Amino acid sequence: MSISAAISPSASLSSGRQNPSLARALLETDRLYFEAGSEVEPFDGAVLCWMPSLEQVPAGCVCQRIDVSHIAMRWRAPELWLDAVEARFRGLGTPLSRLYIEDDRDLDELLLRRGYRSRTELGFLYPLSAGFSITSSLGADRVSLQPVFANDDWEVKEALHGDTVMGPDGYPCDAKQWVQLERTKCFAGAMHCYLIRTAAGELCGAIGTMRAGSVLRIKNVVVHPQFRGQGMGLAALGALFGVARQLGLSALGVFGIEGEPGSALYRRAGFHVETHQVEWTKSLEEED
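Residues numbered from 1 in each chain as written. Predicted model: local features only at pLDDT ≥ 70, side-chain atom pairs only at ≥ 80, totals over all residues. Heavy atoms only, no water.

Take the overall build of the protein next. When you go through the protein residue by residue, the secondary structure sums to 11 helices and 11 strands. Looking at the protein as a whole, 53% of its 288 residues qualify as buried. The contacts in the protein between residues at least 6 apart in sequence include a share of 73% that link residues at least 24 apart. In the form shown here, the protein has an accessible surface area of approximately 12800 Å², with 51% of it arising from carbon and sulfur atoms. (Helix = DSSP H or I, 4+ residues; strand = E, 2+ residues; numbered from the N terminus. Buried < 20%, exposed > 50% of the residue type's maximum accessible area, 1.4 Å probe, protein only. Contact = heavy atoms within 4.5 Å. Areas by Shrake-Rupley, 256 points an atom, 1.4 Å probe, with all protein chains shown as cover.)

When we look at burial in helix α11 (residues 261-268), the residues that qualify are Ser263, Leu265 and Tyr266. For α11, the buried positions fall inside an angular range of 155 degrees around the axis, keeping them on one side. Within α11, the exposed residues directed more than 90 degrees away from the buried face are Pro261 and Arg268. In the core, the buried residues of α11 are packed alongside β5 (117-127), β9 (215-223), α10 (232-246) and β10 (251-257). Positive phi shows up at Gly270, right after α11, with a value of about 100 degrees. (Arc of directions from axis to C-beta.)

A separate point is unusual backbone geometry. Even without glycine at this site, Ser53 takes up a positive phi of about 75 degrees. Checked against the element boundaries, Ser53 lands in the loop between β2 (47-50) and β3 (61-64). In this model, Asn220 sits at a positive phi of 55 degrees, which is unusual for a non-glycine residue. A relative accessible area of 9% places Asn220 in the buried class.

Size it by volume and the largest pocket reaches roughly 1000 Å³. Along the walls of the largest pocket sit 42 residues, with Pro168, Val221, Pro261, Gly262 and Tyr266 positioned nearest its centre. Mapped onto the lining of the largest pocket, the elements with two or more residues apiece are α3 (20-35), β4 (96-101), β5, β9, α10, β10 and α11. Considering only residue class, the lining of the largest pocket consists of 21 nonpolar, 11 polar and 10 charged. (1 Å grid on protein atoms, 1.4 Å probe; cavity = no way out; pocket = protein on both sides within 12 Å on 5 of 7 lines; lining within 4 Å. Points joined across faces, edges and corners; volume = space filled by probe spheres on them. Nonpolar A, V, L, I, M, F, W, Y, C, P; charged D, E, K, R; others polar.)

Scanning all chains against the criterion turns up 6 aromatic pairs. Residues Tyr33 and Phe34 carry aromatic rings whose centres are separated by 5.2 Å and whose planes lie at 70 degrees to one another, so their mutual orientation is edge-to-face. For the residue pair Tyr33 and Phe34, the accessibility class agrees, reading buried in each case. An angle of 85 degrees between the planes, with centres 5.8 Å apart, marks the rings of Tyr126 and Phe241 as edge-to-face. Residue Tyr126 is found in strand β5, and its partner Phe241 is found in helix α10; the two are separated by 115 residues along the sequence. (Phe/Tyr/Trp six-rings, centres within 6.5 Å; stacked < 30°, edge-to-face > 60°.)

Reading fine detail from the predicted coordinates is not recommended where pLDDT is low. This prediction gives the protein a mean pLDDT of 89; 90% of its residues lie at or above 70. Across residues 1-16 the pLDDT falls below 50, and counting only partners more than four positions away or on other chains, this stretch makes 28 contacts in the model. (pLDDT = per-residue confidence, 0-100.)

Laid out in structure tokens, this is it:
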């Protein structure tokens, strides 16, 4: 049985899907995120996105917009296409082959055979039309969002990431490189970054946003270790609810890894699963 066939019937993936247009916009935010500030290279049935000088950062080099039907039609065997993708990744110097697939049923057995691992990313949405404001229930007044603009702001953000073990995407990452990546994407106009501060002005985390259609996408949430377990992540979500309303948007959206704390956080905040995608990764260094 394929991985996707095993996953799809789960309650976590079938609990939503009431807003297909919003779900589509949410998926598109991920495509736009990886393309922002990147070299966008068409690759016969897919697109490779890589950021010059940041290819070794997991978020700096990915393969996405994969058209499985096109690959089956144009390539004699999917293995040959995957060989070509991995060869291109090696040529770019990235240590990780990272692919995003919406419907992986025709490729999952191949990827498993080739040593890839998968993570299901659940796409959560909170339509603002639901008529229930989460700002007060999540304690939005406990935090403030400070836009990251000046060099000093980015230096503060770099220090914050230096105090965390993992990057916001769940991969180990050098804080300086991570901030360079985010800053490049902000400069490209794809996202906005904020520092999260307590009511007393203490730095407690960071969060980003993107817009696609009428969805305000929440991106790269991080809470400083000293403030975890105190509801600061929930409070920041509540603050962004107000931002989305001020912008006249229809929904907040975010992706969370199935079974990990982020997904539990979004469920507690009242978000519902509306879509999903599968991330496949394999270390290319293990083969060297």
